[in-house]
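# Analysis of the macromolecular model
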Amino acid sequence: MSANTRPVAGPLAGHPGSRPGAALLGAIDYRFRLCGEGPQPQAVDGRQLGHGLPRRRIALTELSAILMHPSCGAAAQDAAWRLLVVRARTGEDRWVVGAIGVALPGLRHRAHLLSKLSSGDLHAALVEAFLKALNTVELDQPGIVNALLNAAFSGARAALRGQEPAESGEADFAPGSALPPAPYGHPDLVLARAVRIGAISVAEADLIGGTFLEDTSLAAYAERTGLPRWGVYKRRSAAVQRLVAAIRSGALSDPTADVIAEATGTTAPAATPRRP
């Protein structure tokens, strides 16, 4: 990644077309199409891309249709996606949304496939995994868009699987990770200790607990709190990263809990009670 780029993350601001309970991909599609309207739509220069693409400025909404057409060659697709990824890596919200918007047909197809394998907030998981893939995909390889979509599907499936109750009945507390063994203990206690040492805030603990430990989707949490879904998604992603880092560093270990567990032979409850 070049020096003038930063990790891609979701835009913070909401938009007037988002409504409570609406699918995240539909909300992104609305915002993407708004960027393609007006006298100066968000566009790329087809003359710079070459490979048979129109030699003029191409609105991203039109580019999406062109790239899906059977007559569009692999070289043209890779040239366009190489440019989109580079611009998304600047972190500018409109280019992040633009990259997701151009990929929407593929993301919707993956969401359909994912719905047959997993439950939960499919769209949020796909978008989160797609954003991560934008940061890591190799731009000198052929088939950039397929690499992005495959990584998004695999990452989303792993995250959703991590949110489902384990076979033992214990609940997972973070995407793609199992309940940590002693001395970490019950997920709610882990969150409480993370707040106490300053790894996450009280609000972030509530967000992680509500959307991972309870039956609250990201969209429902955003509706309940009155916050835009993009902002909620970005806040949760950042908080989970800090929580995982704290766990791996050993900062959340609790010797007292370990002694009590050893003396009483207690384990984490089979199911996570809802917190007040």
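Small disclaimer: the values here were computed from a predicted structure and weren't measured.

## Some remarks on the environment of leucine 252
- Here leucine 252 lies in the loop between α12 (229-249) and α13 (255-264).
- In the structure, leucine 252 is positioned 58 residues away from alanine 194 in sequence and 6.5 Å away in space, judged by C-alpha atoms.

## Looking at the pattern of salt bridges
- A full pass over the atoms with the stated rule returns 7 salt bridges.
- As a salt-bridge pair, aspartate 45 and arginine 47 come within 3.1 Å of each other at their nearest N and O atoms.

## Re unusual backbone geometry
- The backbone phi angle of histidine 51 is positive, close to 55°, even though this residue is not glycine.
- Note on placement: histidine 51 falls in the loop between α2 (46-49) and β2 (57-59).

## Re the side chain of glutamate 128
- Its place among the elements puts glutamate 128 in helix α7 (residues 122-136).
- Beyond its immediate sequence surroundings of up to four residues, glutamate 128 is in contact with Tyr233, Arg236 and Ser237.

## Quick word on the packing of helix α1 (residues 24-35) against helix α6 (residues 104-115)
- For the pair α1 and α6, interaxial distance at closest approach is 11 Å and the crossing angle is 170°. If you check the angle between α1 and α6, you find them roughly antiparallel. The residues of α6 that touch α1, namely those facing Leu25, Gly26 and Asp29, are Leu104, Leu107, Arg108 and Ala111.
- Residues that form the contact of α1 with α6 fall into these classes: 4 nonpolar, 1 polar and 2 charged.

## Some points on helix α3 (residues 60-68)
- Regarding α3, the residues found buried are Leu60, Leu63, Ser64, Ile66 and Leu67. Down the axis of α3, the buried set is contained in an arc of 165°. They therefore lie on one face.
- On its buried side, α3 packs onto α1, β1 (43-45), β2, α4 (74-88), α5 (93-102) and α6.

## Details of the nonpolar core
- Within the largest apolar cluster, 58 residues are counted, with the highest numbers of intra-cluster contacts made by Trp81, Ile100, Phe130 and Leu148.
- No other element matches α7, which puts 10 residues into this core.
- Among the domains, domain 1 (21-161) and domain 2 (187-254) are the pair contributing at least three residues each to this core.
- Those residues in contact with phenylalanine 130 that sit more than four places away from it in its chain are Trp81, Ala99, Ile100, Ala103, Leu107, Leu148, Leu149 and Ala152.
- Counting residues in hydrophobic clusters, the runner-up holds 14 residues, among them Val190, Ile208, Ala246 and Ile247.

## Quick look at helix α11 (residues 218-225)
- Residues of α11 that are buried include every one of Leu218, Ala219, Tyr221 and Ala222, and no others. The buried residues of α11 all sit within an arc of 160° when viewed along its axis, so they share a single face.
- Following α11 by one or two positions, glycine 226 has its phi on the positive side, about 75°.

Quick notes on the rules
Residues numbered from 1 in each chain as written. Predicted model: local features only at pLDDT ≥ 70, side-chain atom pairs only at ≥ 80, totals over all residues. Heavy atoms only, no water. Helix = DSSP H or I, 4+ residues; strand = E, 2+ residues; numbered from the N terminus. Salt bridge = Lys/Arg side-chain N within 4 Å of Asp/Glu carboxyl O. Contact = heavy atoms within 4.5 Å. Axes fitted to C-alpha atoms, helices over the stretch in contact; angles between N-to-C directions. Parallel < 35°, antiparallel > 145°, perpendicular 65-115°, else oblique. Nonpolar A, V, L, I, M, F, W, Y, C, P; charged D, E, K, R; others polar. Buried < 20%, exposed > 50% of the residue type's maximum accessible area, 1.4 Å probe, protein only. Arc of directions from axis to C-beta. Core = buried A, V, L, I, M, F, W, Y, C linked by side-chain atoms within 4.5 Å. Domains from an automatic or database assignment.

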